[in-house]
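Residue-level structural notes
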Amino acid sequence: MIAQQLLWGAGMTLLNVVVHVVSLVYLGRVLSYLMPGEAIAKESLHRAMFLSVAVLILIAIHLVEAGGWALLYCGLGEFDEFPQALYFSIVTATTLGYGDLTLSEPWRLLGVFEAMTGLLLFGASTAAVFQLMVKTLPDPFAGHELEGAE
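This one's a predicted model, so the numbers in the text were calculated from it and none came from an experiment.

1. Quick notes on the packing of helix α4 (residues 82-93) against helix α5 (residues 108-136)
- Two elements in contact, α4 and α5, have axes separated by 7 Å at closest approach and are oriented at 60 degrees. Viewed along their axes, α4 and α5 adopt a mutual orientation that is oblique. Note on element contacts: α5 touches α4 through G111, E114, A115, G118, L119 and F122, opposite S89, T92 and A93.
- Split into classes, the residues belonging to the contact of α4 with α5 amount to four nonpolar, four polar and one charged.

This is the structure in structure tokens:
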């Protein structure tokens, strides 16, 4: 049974990573097309809207990924209803881990895979948002030298 868990966990992790990376690449392309640098630089409101849309899209990507895990859990008979499986999946992917719902012993290792995958993908999303902020927000340190810096 552990071999099945390892195969399903590794497969879902790989699928989530591919979906996430492809989504980040296309998100960058779409955002660059919709909001060229000149438009973003003009107004603070444009910058805020641009970053807000990017964050909402990233949340949607994470929900799709959690939905994939939820479908797997339902397919394995771990949950009878998709909303319950999705709730468990989101709590697991975010490593919130309430513990009010758990997987049965034969499939517990899948939750660990999802938590590890969630940590990595949320990190990638955080890096993407940071990169967008660097590209769209003015440098708060421009023209200021830090004390003690040589």
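2. Here's the deal with the packing of helix α3 (residues 44-75) against α4
- For the pair α3 and α4, interaxial distance at closest approach is 8 Å and the crossing angle is 120 degrees. By the angle between their directions, the pair α3 and α4 is classed as oblique. Crossing of α3 against α4: the hand is right-handed. Each of L63, A66, G67, W69, A70, L71, Y73 and C74 in α3 lies in contact with α4, whose residues at this interface are F82, A85, L86, F88, S89 and I90.
- Looking at the contact of α3 with α4, its residues break down into twelve nonpolar, two polar and no charged.

3. A few points about the side chain of T92
- On the secondary structure map, T92 appears in helix α4.
- Separated by 2.8 Å, the side chain of T92 and the backbone oxygen of F88 make a polar contact.
- Other than its neighbours up to four places away in sequence, T92 contacts G111, E114 and A115.

4. What to know about unusual backbone geometry
- In this structure, T95 is a non-glycine residue whose phi angle is positive, near 60 degrees.
- Along the chain, T95 turns up in the loop between α4 and α5.

5. Quick notes on α4
- The first and last C-alpha atoms of α4 sit 16 Å apart over twelve residues, in line with the 16 Å expected at 1.5 Å per residue.
- When we look at burial in α4, the residues that qualify are A85, F88, S89, V91, T92 and A93.
- Close packing links the buried residues of α4 with α3 and α5.
- T95 lies just past α4 and shows a positive phi near 60 degrees.

Parameters at a glance
Residues numbered from 1 in each chain as written. Predicted model: local features only at pLDDT ≥ 70, side-chain atom pairs only at ≥ 80, totals over all residues. Heavy atoms only, no water. Axes fitted to C-alpha atoms, helices over the stretch in contact; angles between N-to-C directions. Helix = DSSP H or I, 4+ residues; strand = E, 2+ residues; numbered from the N terminus. Parallel < 35°, antiparallel > 145°, perpendicular 65-115°, else oblique. Contact = heavy atoms within 4.5 Å. Nonpolar A, V, L, I, M, F, W, Y, C, P; charged D, E, K, R; others polar. Left-handed = near helix turned anticlockwise from the far one by under 90°. Polar contact = N/O pair within 3.5 Å; in protein donor to acceptor, adjacent residues only side chain to side chain. Expected span 1.5 Å × (residues − 1). Buried < 20%, exposed > 50% of the residue type's maximum accessible area, 1.4 Å probe, protein only.

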